[in-house]
Amino acid sequence: MDEMIEVPGGMPAFVARPEGGPRPAVLVIQEAFGLNNHIRDVTRRVAAEGYVALAPDLYWRGGKGRTVAYDDLGQAISIMQALKDPEIVTDVGSAIAYLEQQSFVRADRIGITGFCMGGRVSYLAACEIPDKIRAAAPFYGGGIPIDKTVKLKAPVLAFFGEKDGFIPLSFVEQLRNEAAKQKKQVEIVVYPGADHGFFCNERASYNAAAAADAWERLKKFLATHLGR
C-alpha cells in the first residue's frame, strides 16, 4: 500500500509499505526536482523489498508539492539552493520520529538513501543524526559534507558516475581519503562512463547497466545492515 501523509509539523511525505510488520524502514530522499514520480517509484521499489519506505517533501516549507521538470535544471537548482541545512536536518528528524512512532516499523532499524540533492542529504543526515540512522546509501550526492565525516556511525555505500559533470572524481577521492582517515565504513562505487542521474530512467543520463548494478548493491546493503 502507498499513500501521501503529513508527519507531525505539517511536512508531506509519500509512504509505501508491505503488509504486516514491524519492519525496518528506509527514507528515500528526493532529487533537486522534488518529490516526483521517479522518487515515488523508487519508494515503492524499496517497499517491495520488505521495508517501510518514506519519501519526505523537503521543499514543503516554500510550498507543498513543488516539483520541477527534468529539463528545467535552473529552476530546480534555484529551489534547492533556498534550503538550509539546519531545516533539512530538522525535517529528516521529523520523518524519522514519525517512523519510530508507527507500530509497523522497527524503530531501531532505519536507513536512508537519496539521489542527487538527496544523496547529499542522506550523508548529511547520517552525520548529524548518527544515533538514528543505521545505514546510508547516497547516489551521486553533490557537495557531500566531507568535513562532517568524523560524526558518522552508520556504514555508507556511496554511488557516483565517472562522467558526472557536477561531481569531479577529485571530490570522490577526497571523500574516500577522509573516510579512511577517520576510519569510517564508507564504500564508494564509481561506474565507468556513467553520468549524473544514471539511476533515473526518466533522465537522458540514465545508464541501465549502472542502475541495475547499483540496485542490487543497494538491496544487499540494506538487507545486511537493516535486515527485513
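A short tour of the structure in this document, coming up. On a predicted model such as this, the values are computed, not experimentally measured, just so you know. Along each chain, the written sequence defines residue order, and numbers are assigned to residues from 1. Confidence filtering applies because this is a predicted model: local features only for residues at pLDDT of at least 70, side-chain atom pairs given and counted only at 80 or more, and all residues used for totals across whole chains, interfaces and linings. Only hydrogens and water are set aside when side-chain values are computed; all heavy atoms of the structure are taken into account.

### A few points about the packing of helix α3 (residues 85-100) against helix α4 (residues 117-128)
Then, in step 1: Axis definition: a line fitted to C-alpha atoms, over the contacting stretch in the case of helices. Angles run 0 to 180 degrees between N-to-C directions. Per the convention used, a helix needs a DSSP run of H or I reaching at least four residues, while a strand needs a run of E reaching at least two, with both numbered from the N terminus. It is at 10 Å that the axes of α3 and α4 come closest, and there the two elements cross at 75°. It follows that α3 is roughly perpendicular to α4 by the angle criterion. Counted together, Asp-85, Ile-88, Val-89 and Val-92 of α3 and Arg-120, Val-121, Leu-124, Ala-125 and Glu-128 of α4 form the full contact between these two elements.
Then, in step 2: Taken together, the residues of the contact of α3 with α4 sort by class into six nonpolar, no polar and three charged. An angle counts as roughly parallel when it lies under 35 degrees, as roughly antiparallel when it exceeds 145, as roughly perpendicular when it falls between 65 and 115, and as oblique in every other case. Contacts are residue-level and defined by heavy atoms, with any inter-residue pair within 4.5 Å sufficient. Each residue is assigned to one class: nonpolar for Ala, Val, Leu, Ile, Met, Phe, Trp, Tyr, Cys and Pro, charged for Asp, Glu, Lys and Arg, and polar for all the others, Gly among them.

### Things to note about the environment of Leu-152
Then, in step 1: Positionally, Leu-152 belongs in the loop between β6 (135-139) and β7 (156-161).
Then, in step 2: Separated by 31 residues in sequence, Leu-152 and Lys-183 have C-alpha atoms that sit 9.8 Å apart.

### Digging into the layout of surface pockets
Then, in step 1: Here the largest pocket defines a volume of roughly 360 Å³.
Then, in step 2: Residues are called lining when one of their atoms sits within 4 Å of a cavity or pocket point, these points coming from a 1 Å grid over the protein atoms alone, where a cavity is a set in which a 1.4 Å probe fits but cannot get out and a pocket is an open set with protein on both sides within 12 Å along at least five of seven lines. Lining of the largest pocket is provided by 19 residues; of these, Ala-32, Met-80, Cys-116, Met-117 and Gly-142 occupy positions nearest its centre.
Then, in step 3: Where the lining of the largest pocket is concerned, the elements lending two or more residues are α2 (73-81), α3 and α4.
Then, in step 4: The dominant element in the lining of the largest pocket, judged by the number of residues it contributes, is α2, at four residues.
Then, in step 5: Considering only residue class, the lining of the largest pocket consists of 13 nonpolar, three polar and three charged.
Then, in step 6: Estimates place the volume of the second largest pocket at around 180 Å³.
Then, in step 7: What lines the second largest pocket is Pro-155, Val-156, Leu-157, Gln-185, Glu-187, Arg-217, Lys-220, Phe-221, Thr-224 and His-225.
Then, in step 8: Taken together, the residues of the lining of the second largest pocket sort by class into four nonpolar, three polar and three charged. Grid points are joined across faces, edges and corners, and a volume is the space filled by probe spheres set on the points.

### So, the side chain of Thr-149
Then, in step 1: By secondary structure assignment, the location of Thr-149 is in the loop between β6 and β7.
Then, in step 2: Residue Thr-149 is classed as buried on the basis of its relative accessible area, which comes to 0%.
Then, in step 3: A distance of 2.7 Å separates a polar side-chain atom of Thr-149 from the backbone oxygen of Ile-146.
Then, in step 4: Beyond its immediate chain neighbours, meaning those up to four positions away, Thr-149 contacts Tyr-123, Cys-127, Leu-175, Glu-178, Ala-179, Gln-182 and Lys-184. For the exposure calls, accessible area comes from a 1.4 Å probe over protein chains only, and a residue counts as buried if that area is under 20% of its type's maximum, exposed if over 50%, partly exposed in between. Nitrogen and oxygen atoms within 3.5 Å of one another constitute a polar contact, given that in protein one can donate a hydrogen and the other can accept it, and given that sequence-neighbouring residues count only through two side-chain atoms.

### A closer look at the sheet that holds strand β3 (residues 23-29)
Two strands in a sheet stick together by hydrogen bonds in their backbones, pointing the same way (parallel) or opposite ways (antiparallel).
Then, in step 1: Two strands make a pair as long as DSSP finds a minimum of two bridges between them. The strand order across the open sheet built from eight strands is β1-β2-β4-β3-β5-β6-β7-β8, with neighbouring strands paired in mixed fashion. Strands with a single pairing partner mark the edges of an open sheet, and in this sheet they are β1 (2-6) and β8 (186-191). Between one strand axis and the next, the sheet turns by 20° as a mean value, whatever way the strands run.
Then, in step 2: In terms of strand pairing, β3 meets strand β5 (residues 105-115) through six bridges, oriented parallel. When the bridges of β5 are listed, Val-28 appears paired with Thr-113.
Then, in step 3: In this fold helix α6 (residues 208-226) packs onto β3, β5, β6, β7 and β8, with an angle of close to 165° to the strand it touches most, β6.

### A closer look at the pairing of strand β4 (residues 52-56)
Then, in step 1: By the criterion of burial, β4 is predominantly enclosed, with five of the five residues buried.
Then, in step 2: Side-chain alternation along β4 places Val-52, Leu-54 and Pro-56 on one buried face and Ala-53 and Ala-55 on a second face that is also buried.
Then, in step 3: Two elements, strand β2 (residues 12-16) and β4, share four bridges in a ladder whose sense is antiparallel. Considered in β4, the bridge of Ala-16 is made with Ala-53.
Then, in step 4: Inspection of the sheet shows β3 paired to β4 by three bridges, in the parallel sense. Counted as the bridge partner of Ala-25 is Val-52 from β4.
Then, in step 5: By convention a crossover is right-handed if, when the strands point away from the viewer, the path from the first strand over the helix to the second runs clockwise. In the classification by handedness, the crossover that spans β3, the intervening helix α1 (residues 37-48) and the parallel β4 is right-handed.

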